[in-house]
Amino acid sequence: MANLRTKVAVASAATLLLGWAFQATRPPPPVILGAPGGPPVTSPRVRLKDGRHLAYSEAGVDKETAKYKVIFFHGFASTKENTFPVSQVLLQQSCKHSRSHAGIARRVIDLEVNTEIEPRRLRVQELVEELGIYLLYFDRAGYGDSDANPKRGMKSDATDVEELADALQLGDKFYVVGCSMGGYTAWSCLHYIPHRLAGAALVVPAVNYWWPLPADVLRSAFEKLDSRDRRTFRIARHMPSLFYAWITQKWFRMSPIIRGERDAFTDKDWEILMELRRKEWGSGQVDPAKATQQGTYESLCRDATIVFSNWEFDPTKIKNPFPNGEGVVSIWQGYEDKIVRVEIQRYVAQKLPWVRYHEHPEAGHALPNMDSVGDDIIRELLLGEAPRGWQTEVGKDG
């Protein structure tokens, strides 16, 4: 009798486990923006060829008079409201307008522009006005006010950038800046649409611990991660269908990096981030919940499972898009970064001698938010001016 009860218990447990596993591989559908009961659309958007919409905001000088046009790719669990630190910025509130955008890009690629909401404008001073820079921020697919993309991947993220630029008539070429997780979108642009780029900056860009690099390089970087991060990244890599269930479960301790917890950052990082968060929340510029308002699956999960997947290209074999020196591609890394380890960035930079590599000896993942670093990045990207006091080549002081 006891054996029968044991068998029944085991069978019941197995059934429950199988049921959980089945449900775990079926994450909830995304929340539909603008639908009854769903979050309202509060940003201007463009309509892409496949019917999806991308939300954007504009900053700096008017694009009609701008000398330089720069598109920024936000990081993990962020939105276009998490702007890039170029000099001093002041966010103005959105407002209605009646200005017509009739005909914008439709004759070129048949895209539609939402004209009901005035784009958020950032009145930026100093460097931006000095150089005449137009800055474009947008929510990557599944984040903020941009529709989710059920077919999202490396290539689609690059073509989203291209279609957005064409919809807003930015011209044949533009500059791109990818921060943290947005770095993989910058890599995608370098591979899939290099002919559209005037320059690219990858700032503490996300890395894939399963890139086809030497095992000792990958092992050295991966083993320095917290064990909880290693476990989570392995699930994203090897069991992507279970990743949503993993990051939403409450039984086991989760990745500090995924959750943005204190353990994922250096003391200096945390000090910078807390001050930045205090200013953003105090001013009402950034709503922390907006990044995942369509659900964590379409935003966080897709980011992690894409970046740790098998890429369709090897970043160390990307061809120089500027063989005649007409543009700059740069990587900016903090030596103390606990999220993106320096060993992999160094190796990639060594394999791509045409990339300008800059390493700050005291910085962590909050590198772009350190004093004047944002300006250094933009000055080199647009003007080719190398920053002083940085390690500009692996093993050499600049």
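In the block above lies the structure referred to throughout.
Not measured: the values here are computed from a predicted model.

Undergrad: Can you help me understand the layout of surface pockets in this one?
TA: Any empty space left between the atoms is revealed when a probe the size of a water molecule rolls over them. The space that makes up the largest pocket amounts to roughly 1300 Å³. As for the largest pocket, its lining consists of 47 residues, and the residues nearest its centre are G75, F76, A77, S78 and F265. Sorting the residues of the lining of the largest pocket by element identifies β3 (68-73), β8 (174-179), α9 (256-259), α10 (267-283) and α11 (297-307) as the ones contributing at least two each. A total of six residues in the lining of the largest pocket trace back to one element, the largest contributor, which is α10.

Undergrad: Just to check I follow, could you spell out the packing of aromatic side chains for this structure?
TA: The description of two aromatic rings rests on the distance between their centres and on the angle between their planes. Within the structure shown, the criterion is met by 16 aromatic pairs. Taken together, a centroid distance of 5.8 Å and an interplanar angle of 85° make the contact between Y192 and F313 edge-to-face. With Y192 in helix α5 (residues 183-192) and F313 in the loop between α11 and β10 (329-334), this residue pair connects regions lying 121 residues apart in the sequence.

Undergrad: I tried to follow α5 on my own but got confused; where do I start?
TA: The buried count for α5 comes to nine of ten residues, which makes it a mostly enclosed element. Among all positions in α5, only G183, Y184, T185, A186, W187, S188, C189, L190 and Y192 are buried.

Undergrad: Hey, could you run me through the nonpolar core in this one?
TA: Here is a general trend for soluble globular proteins: nonpolar side chains tend to be buried in one another's company. In this structure, I71, F84, V177, W187, I344 and I378 are the most contacted members of the largest nonpolar core, which totals 110 residues. Ignoring any residue separated from it by four or fewer positions in sequence, one finds F84 in contact with F72, Y137, V177, C179, V203, P368, G374, I377 and I378.

Undergrad: How do you make sense of the pattern of salt bridges when you look at a structure like this?
TA: Between side chains of opposite charge, a pair can form when the charged atoms approach closely. The tally for this structure, following the rule as stated, stands at 23 salt bridges. The residue R52 makes a salt bridge to D160 at a minimum N-O spacing of 2.7 Å. Here R52 is found in the loop between β1 (45-47) and β2 (53-60), whereas its partner D160 is found in helix α4 (residues 154-167), with 108 residues between them in sequence. For the pair formed by R52 and D160, the shared burial category is buried. Three or more residues joined by partner-sharing salt bridges are found here, namely R140, R152, D157 and D303.

Undergrad: In this structure, what is going on with the side chain of H74? I would like to understand it.
TA: For H74, the location among the structural elements is in the loop between β3 and β4 (89-91). Among the polar contacts made by the side chain of H74, one reaches the main-chain amide nitrogen of R140 at a distance of 3.0 Å.

Undergrad: Would you mind showing me how to read the packing of helix α6 (residues 215-222) against helix α12 (residues 342-351) here?
TA: A pair of packed helices can be characterised by two numbers: the angle between their axes and the separation between those axes. With their axes 8 Å apart at the nearest point, α6 and α12 run at an angle of 150° to one another. Classified by the interaxial angle, the pair formed by α6 and α12 is roughly antiparallel. Residue-level contacts link V217, L218, S220 and A221 of α6 to E343, I344 and Y347 of α12. When the residues that make up the contact of α6 with α12 are grouped by side-chain class, the tally is five nonpolar, one polar and one charged.

Undergrad: What exactly am I supposed to notice about unusual backbone geometry here?
TA: Peptide bonds are trans in most cases, and residues, glycine excluded, mostly fall at negative phi. If you check the backbone angles, Q169 has positive phi at about 55° while not being a glycine. With respect to the element layout, Q169 can be found in the loop between α4 and β8. Positive phi, close to 70°, is recorded for S372, a residue that is not glycine. By the element assignment, S372 lies in the loop between β11 (356-360) and α13 (373-383). Residue S372 is classed as partly exposed on the basis of its relative accessible area of 49%.

Quick notes on the rules
- Residues numbered from 1 in each chain as written.
- Predicted model: local features only at pLDDT ≥ 70, side-chain atom pairs only at ≥ 80, totals over all residues.
- Heavy atoms only, no water.
- 1 Å grid on protein atoms, 1.4 Å probe; cavity = no way out; pocket = protein on both sides within 12 Å on 5 of 7 lines; lining within 4 Å.
- Points joined across faces, edges and corners; volume = space filled by probe spheres on them.
- Helix = DSSP H or I, 4+ residues; strand = E, 2+ residues; numbered from the N terminus.
- Phe/Tyr/Trp six-rings, centres within 6.5 Å; stacked < 30°, edge-to-face > 60°.
- Buried < 20%, exposed > 50% of the residue type's maximum accessible area, 1.4 Å probe, protein only.
- Core = buried A, V, L, I, M, F, W, Y, C linked by side-chain atoms within 4.5 Å.
- Contact = heavy atoms within 4.5 Å.
- Salt bridge = Lys/Arg side-chain N within 4 Å of Asp/Glu carboxyl O.
- Polar contact = N/O pair within 3.5 Å; in protein donor to acceptor, adjacent residues only side chain to side chain.
- Axes fitted to C-alpha atoms, helices over the stretch in contact; angles between N-to-C directions.
- Parallel < 35°, antiparallel > 145°, perpendicular 65-115°, else oblique.
- Nonpolar A, V, L, I, M, F, W, Y, C, P; charged D, E, K, R; others polar.

Nothing here speaks to function; it is all geometry.
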